[in-house]
Amino acid sequence: MNFLRGVMGGQSAGPQHTEAETIQKLCDRVASSTLLDDRRNAVRALKSLSKKYRLEVGIQAMEHLIHVLQTDRSDSEIIGYALDTLYNIISNEEEEEVDDVEEENSTRQSEDLGSQFTEIFIKQQENVTLLLSLLEEFDFHVRWPGVKLLTSLLKQLGPQVQQIILVSPMGVSRLMDLLADSREVIRNDGVLLLQALTRSNGAIQKIVAFENAFERLLDIISEEGNSDGGSYIQRMKPWFEVGDENSGWSAQKVTNLHLMLQLVRVLVSPTNPPGATSSCQKAMFQCGLLQQLCTILMATGVPADILTETINTVSEVIRGCQVNQDYFASVNAPSNPPRPAIVVLLMSMVNERQPFVLRCAVLYCFQCFLYKNQKGQGEIVSTLLPSTIDATGNSVSAGQLLCGGLFSTDSLSNWCAAVALAHALQENATQKEQLLRVQLATSIGNPPVSLLQQCTNILSQGDKIDRRGSKIQTRVGLLMLLCTWLSNCPIAVTHFLHNSANVPFLTGQIAENLGEEEQLVQGLCALLLGISIYFNDNSLESYMKEKLKQLIEKRIGKENFIEKLGFISKHELYSRASQKPQPNFPSPEYMIFDHEFTKLVKELEGVITKAIYKSSEEDKKEEEVKKTLEQHDNIVTHYKNMIREQDLQLEELRQQVSTLKCQNEQLQTAVTQQVSQIQQHKDQYNLLKIQLGKDNQHQGSYSEGAQMNGIQPEEIGRLREEIEELKRNQELLQSQLTEKDSMIENMKSSQTSGTNEQSSAIVSARDSEQVAELKQELATLKSQLNSQSVEITKLQTEKQELLQKTEAFAKSVEVQGETETIIATKTTDVEGRLSALLQETKELKNEIKALSEERTAIKEQLDSSNSTIAILQTEKDKLELEITDSKKEQDDLLVLLADQDQKILSLKNKLKDLGHPVEEEDELESGDQEDEDDESEDPGKDLDHI
């Protein structure tokens, strides 16, 4: 630090220490000092002087700085200072900022200090290799200035530095590692370095691609939050998921999304190879990227520049791709009622209050939608036809918007509408003929005029109509529309010539000597008249080819006509429009030519020139040749169609044959596998039988298992039969119990029904019999239950024995499988059978458990029956006691009756003795008999009387 203070202090002490002397002293210090601290301080001082005194430091210190990089690599601080100093010397950062502001001096490499110092630095290729090796250092103070220095070298002399890196061992791979750096500033500068490294160098681009650069860049974009920050695209679609709320459009987000849209356009640019563009377009539709772009297109609150670039991007994604064009035609704007996106865009195009760049973008989108899309062309033209126009006027169509723009007072809208309508007719003879049917209502009370006539009427009025914008823009647009309409369409030519005012107007325009601005209109009029000659089918006698050529020669002159025709291709804006399909103009007055129209001019200019100079005989010969060629073309077309159909049929048959072959191969494979499996099972079965036979002779336990395995189906069958028998017995017992329950209920009811002696006696007798029967049946049920218990116990014992045998058999099979590989194969089969046996045994267990539960239920029912029987027995004893009491009472009554009879008899005798009349004994006996009958009928009465 004292050294630095001395240097800096000496610099301002007096005039003897100039800047050059100070820099020289610092350089000497770097070269001669043995202390690392002194060299480090000297390099730091050079760094501080390098920006202000770039030339002096570069001339005197570059060699010493490179030497520091070679010798002091162990000290990261001095290496960082040296790299920063070299960067300040070589970089043109400040000058480039000035250039960005002033937008001038685009070529200055030969006289630029940065280029000169770069040339000095890379003259020794080892310097670049040394710099690449320093980038492997992880230290921030070394890697970051190294990245900046190498980027600056590439900006100054890119091709030379690229070649050095390309031949350096692992040069590109070292730079790729920068993308994985966790420090954001190094990673971002690494991306800029990679951008400069790959620019216009196919070899390095391939190496970078094979180094997995795309995946790394995608990871960076993903980490940075897609369009909301930094960068990434997990597969492009997430870039454009901006969300429903579009209020958060920061400047950085707008910039990011703008660059992302440009990247998409790079992939589908019309200047790319057609195959590559088509593949990218299909992929963008399949992954949903086109749908996402259309969502942004129809969203609200999108910044104007993003909306414009999105329209341009959608344009190139759908251009020439039928699937994408069909999808775009189905997109509707979120309005009420919904409107097609095409209609909404056309409304912006013909609205003169919209920004110019936006109107150009919409025109480009419409052109791309119709490019090689005959279906879309037909849909647009159909909106102009009378049968499809909405009579209610509730909705506006694309055709109505185009007509409105075509005849408005804004010249830019006239031009855009004319070009858009011309694209609806491009290379489509059918729609050219259909457009001839369009009729326009000019004013109330006047008959409608055709669209073709209205276009020529406006064209003939010239500057008479006051329009906003360019004077010639409207006429140029209409002339381009008419030229496109009439080319390759003789019917349209006939309709055009049928208006007698058109040819005189064209010849008058061509023949006049007008200013430079009007020369383009004259050239377009010459082209239109030439098209009317070349595609004339001579159906109008007054305007046949020969007569029109004579008219040109008489009023204009052939040479003058050809000269005027050449005004088109010689115009300064013609070549600009012919380069790219996109209508990209700096201002509205430059909007003159359409790209597709320039291709039409290039195609027709030569043939029209030849047609003008041809004689009538040559025309006749040409007509004959043309007819012959047309016939041949028709024949060829017919055969081509037949061949195409046959090719399709052959392709279908081939696909069917291929499918059948695949199915046959699959079936053959399946059959082979099944045959192999069957044979394998047979072999296993035979080996198992043989092995079981051998084991019967050698192993008793194994023999027992094999024997058990042999009788297994019989055992299972017998167990099942016994279970079925038990079920049947259970059902029988259940029915018997039900009958007994009903009998008990009857006994209960009969107990309360009778109260007299005779019925009680009958009930008593019946109850005695039923009780005896119940006891007997109860004993039978108990014996059956006991026998079933014995059988269940026996089944359980047999089941336990089977389980033991199964375990013993499984153990024997397992032991045998460990010793012999063939037995192991058999063991798998046996174990499968044992598993089935165990499963069936488990089922038997469940059935036996169910039987046990049923037996318990039967016991409970029997206990309930026994208790019921005991109750009935008690009731019976009570009834018997009551019957005995009733008998005693009857005996007492009989005794009393006998006593009464004796008394009555004695009283009768006394009455007889006394002379009173007494009834005869027979009457008395008959009366007694009646009394006895009454007593027998109702013994209760006597009892009550007594």
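Residues numbered from 1 in each chain as written. Predicted model: local features only at pLDDT ≥ 70, side-chain atom pairs only at ≥ 80, totals over all residues. Heavy atoms only, no water.

A. Structural detail: the packing of aromatic side chains. A complete count under the given rule lists 6 aromatic pairs for this structure. On the basis of an interplanar angle of 90° and a centroid distance of 6.3 Å, the ring pair of Trp415 and Phe585 is categorised as edge-to-face. Highlighted residues: Trp415 in helix α24 (residues 411-423) and Phe585 in the loop between α33 (572-579) and α34 (595-613), separated in sequence by 170 residues. What makes Phe585 buried here is its relative accessible area of 12%. We note Arg319 situated over the ring of Tyr371; from NZ or CZ to the ring centre the distance is 3.8 Å. (Phe/Tyr/Trp six-rings, centres within 6.5 Å; stacked < 30°, edge-to-face > 60°. Helix = DSSP H or I, 4+ residues; strand = E, 2+ residues; numbered from the N terminus. Buried < 20%, exposed > 50% of the residue type's maximum accessible area, 1.4 Å probe, protein only. Lys NZ or Arg CZ within 6 Å of the ring centre and 35° of its normal.)

B. The arrangement of the nonpolar core in detail. Counting residues in hydrophobic clusters, the biggest one holds 126 residues, and the most contacted among them are Phe240, Phe328, Trp485 and Leu527. In terms of residues, this core owes the most to one element, helix α21 (residues 356-370), which gives 12 residues. Grouped together as the second largest cluster of nonpolar side chains are 59 residues, Val68, Ile89, Leu175 and Leu197 included. (Core = buried A, V, L, I, M, F, W, Y, C linked by side-chain atoms within 4.5 Å.)

C. Molecular detail of the confidence of the model for the chain. When the pLDDT values of the chain are averaged, the result is 78; 75% of them are 70 or greater. Counted against residues more than four places away or in other chains, residues 752-765, with its pLDDT under 50, gives 11 contacts. Contacts from residues 932-946, a stretch scored under 50 in pLDDT, to residues over four places away or in other chains number 3 contacts. (pLDDT = per-residue confidence, 0-100. Contact = heavy atoms within 4.5 Å.)

D. Broad picture of the side chain of Thr474. Among the structural elements, Thr474 can be located in helix α27 (residues 473-486). You can call Thr474 buried: its relative accessible area is 4%. For Thr474, the contacting residues outside a window of four places in its chain are Ser411, Asn414 and Arg467.

E. Representation of unusual backbone geometry within the structure. The omega angle of the peptide bond from Asn336 to Pro337 is 0°, so this bond is cis rather than trans. Within the secondary structure, Pro337 sits in the loop between β1 (332-333) and β2 (339-340). One non-glycine residue, Lys372, lies in positive phi territory at about 55°. Along the chain, Lys372 falls in the loop between α21 and α22 (374-382). Owing to a relative accessible area of 61%, Lys372 belongs among the exposed residues under this scheme. Unusually for a residue other than glycine, Glu427 sits at a positive phi of about 55°. Here Glu427 shows up in the loop between α24 and α25 (429-435).

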